[in-house]
Amino acid sequence: MAKSYMGLILAAQDTNEIRGLTKYRPIASIPFAGRYRIIDFSLTNLTRVGISNVGIVVPHNNVRSLRDHIRGGQFWDLNRKNGGIFLMHPSIDLEIGKSNVKNFRSNLEYLRRSTENHVVLCSSHLVANIDLRPIKDSHEKSGKDLTLVYKKIDKDIKAYRGSTSVIFNENKEVEKFGVVVDSQEETNVSLEIKIIRKDLLIDLLMSGVQSGLVGDLNKFIEFSTHKISTNLYEFTGYTKFIDSTKNYFKANKDILKKEIREELLLGNGGISTKINDTPPAIYKSYSKVSNSLIANGCIVRGSVKDSIIGRRVVIKKGATIENSIILQSCVIEEGVEIKNVILDKNVTINRYQKVIGSEEFPLVIEKKSILDL
């Protein structure tokens, strides 16, 4: 698979529904499950099957945290002379803020020079541990130009609201695409993973630019399926789009379920991420921890329940944390009570504060905030 397939990750998603966590970063580099970033799943899915050439379409601003996390790609074996990581930026002012299709106008040379014949296209905001080999086999066996990966959803439809639904007939021929709404009882949701011939993708991009068509690249390809032979592949594992604060909170909480944690973080050889050398967490004898995930480097003197705690968090004596997500390097002082809250990085909650949100709408405290009396 490595020699004939390259990867393309779209990392410029809309951040309107998750603004509290994307003020300083794109969705792709939001911390997840205590030690990962959301883009780790897409990068690992691609590289574990031997793909060694990966392009990433980045947003026009707030890219620093993403660049710092990816670096040279060494954590995914992408720091290499041939291939590796290629960040695709808008290159002229007229393109800033435009669609992914427009971004490609100045980056088509990267696609043309790549020696692979097929492109595996995916979105960085999908949390899923996917083995791409059976999808590749299905694509090659079908002999079609495009393979589209979908998932049948019959529960928790609200979590996929606004996503693309795929309507196909009994012969698995795509008839049309729609938008997931709350009222649907069962639907087939596009996971925004596609395998397409590289020359066909370039032709589609060129025609799109020439005709002035704008929109997300996934939507653009779907718009063109009436003239492309399309194969469908159903994925049945755990998935979650991180496109809202509510979905982010729910996906992190799902990690506390053993079966989901083992599938998502340990399945198919695990998920690779940037290495961070920190010592093991320290639990004082009077601390209380239940059903929680505590990352390395933490010092726990208080009580933690049903929560995820990132690296280097200090929880002082008498503090209680319940049903919350605490990102790295936060300090929770004595007597603090936190419930249904997401704390971004480097937040300090001073003594005896109460910070309480709702499970339906968790409270988000922005990066580097200090809460005091």
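Residues numbered from 1 in each chain as written. Predicted model: local features only at pLDDT ≥ 70, side-chain atom pairs only at ≥ 80, totals over all residues. Heavy atoms only, no water.

A. Focus on the overall build of the protein chain. Looking only at helices and strands, the protein chain has nine helices and 29 strands in total. Relative to the compact-globule value of 21 Å for 373 residues, the protein chain shows a C-alpha radius of gyration of 21 Å, a close match. Buried residues in the protein chain amount to 54% of all 373 residues. Within the protein chain, contacts between residues separated by at least 24 positions form 58% of all contacts whose residues are at least 6 apart in sequence. (Helix = DSSP H or I, 4+ residues; strand = E, 2+ residues; numbered from the N terminus. Rg over C-alpha atoms; globule rule 2.2 N^0.38 Å. Buried < 20%, exposed > 50% of the residue type's maximum accessible area, 1.4 Å probe, protein only. Contact = heavy atoms within 4.5 Å.)

B. Local environment of the sheet that holds strand β18 (residues 303–305). Spatially, five strands are ordered β15-β18-β21-β24-β27 in an open sheet, and the strand pairing comes out parallel. Each having just a single partner strand, β15 (288–290) and β27 (354–356) make up the two edges of the open sheet. Strand-to-strand twist of the sheet, defined as the mean angle between neighbouring strand axes without regard to direction, takes the value 5°. Of the pairings in the sheet, the one linking strand β24 (residues 337–339) to β27 comprises three bridges and is parallel in character. The residue bridging K339 from the neighbouring strand is I356, located in β27. (Pairing = 2+ DSSP bridges. Axes fitted to C-alpha atoms, helices over the stretch in contact; angles between N-to-C directions.)

C. The arrangement of the side chain of S124 in detail. You can see S124 is positioned in the loop between β6 (118–123) and β7 (126–127). A residue is classified by how much of its surface remains accessible, and S124, at 0% relative accessible area, is buried. A distance of 3.0 Å separates the side chain of S124 from the side chain of Q13, its partner in a polar contact. Among all residues touching S124, those that are not within four sequence positions of it are I9, L10, A11, Q13, A28, I38, I39 and S42. (Polar contact = N/O pair within 3.5 Å; in protein donor to acceptor, adjacent residues only side chain to side chain.)

D. Layout of the pattern of salt bridges. On inspection of all chains with the given rule, the structure shows 19 salt bridges. Among the salt bridges present, the one from E109 reaches R113, with a minimum N-O distance of 3.2 Å. Pair noted here: E109 and R113 are both in helix α4 (residues 108–113), with a separation of four residues, about one helical turn. With its nearest N and O atoms 3.7 Å apart, the salt bridge here joins K257 to D254. A cluster of three or more residues bridged by salt bridges with shared partners is formed by D68, R71 and K274. (Salt bridge = Lys/Arg side-chain N within 4 Å of Asp/Glu carboxyl O.)

E. Inspection of the packing of aromatic side chains at higher detail. Scanning the model with the defined rule gives six aromatic pairs in all. Considering the side-chain rings of Y36 and F41, the 6.4 Å spacing of their centres and the 45° angle between planes classify their relative orientation as tilted. Judged by its relative accessible area of 7%, Y36 is buried. Of note, R35 hangs over the ring of Y36, and the distance from its end group to the ring centre comes to 4.8 Å. (Phe/Tyr/Trp six-rings, centres within 6.5 Å; stacked < 30°, edge-to-face > 60°. Lys NZ or Arg CZ within 6 Å of the ring centre and 35° of its normal.)

F. Summary view of the nonpolar core. Within the largest apolar cluster, 38 residues are counted, with the highest numbers of intra-cluster contacts made by L43 and I56. Those elements that place two or more of their residues in this core are β1 (5–10), α1 (39–47), β4 (53–57), α2 (64–70), β6, β8 (146–153) and β11 (187–197). If one sorts the elements of this core by residue count, β11 sits on top with four residues. Sequence-distant contacts of L43, that is, excluding residues within four places in its chain, are made with I9, V54, I56, I70, W76, L78 and I85. (Core = buried A, V, L, I, M, F, W, Y, C linked by side-chain atoms within 4.5 Å.)

G. Spatial organisation of helix α5 (residues 133–142). Within α5, the full set of buried residues consists of I135, K136, S138 and H139. Projection of α5 onto a plane perpendicular to its axis shows the buried side chains occupying an angular sector of 160°, all on one side. Contact partners of the buried residues in α5: β1, β6, β8, β11 and β12 (230–234). G143 occupies a position one or two residues after α5 and carries a positive phi of about 70°. (Arc of directions from axis to C-beta.)

H. Local environment of helix α8 (residues 245–254). Taking burial as the measure, the ten residues of α8 include eight buried ones, the bulk of the element. Listing the buried residues of α8 in full gives T245, N247, Y248, F249, A251, N252, K253 and D254.

I. Representation of the side chain of R311 within the structure. With respect to the helices and strands, R311 occurs in the loop between β19 (308–309) and β20 (314–315). The side chain of R311 is buried and forms no salt bridge, while D40, the nearest opposite charge, is found at 8.0 Å. With sequence-adjacent residues up to four places away left out, R311 is seen in contact with G34, R35, K274, N276, T278, A295, N296, C298, Q328 and S329. (Lys, Arg positive; Asp, Glu negative; His and termini not counted.)

J. The arrangement of the sheet that holds strand β16 (residues 293–294) in detail. On the basis of which strands lie adjacent, the open sheet formed by five strands has the order β16-β19-β22-β25-β28 and parallel pairing. The open sheet has two edge strands with one neighbour each: β16 and β28 (363–365). Bridge analysis of strand β22 (residues 325–326) against strand β25 (residues 341–343) gives two bridges, and the strand direction is parallel. Each residue of the ladder has a partner; that of I326, found in β25, is L343. In the packing of α8 onto the sheet, contacts are made with β19, β22, β25 and β28, and the angle to β25 comes to roughly 90°.

K. The pairing of strand β5 (residues 84–88), seen in detail. Note that β4 and β5 share five bridges and pair parallel. Across the sheet, I56 pairs through a bridge with L87, a residue of β5. Tracing the backbone out of β4, into α2 and back to the parallel element β5 gives a crossover that is right-handed. (Right-handed = clockwise from strand over helix to strand, strands pointing away.)

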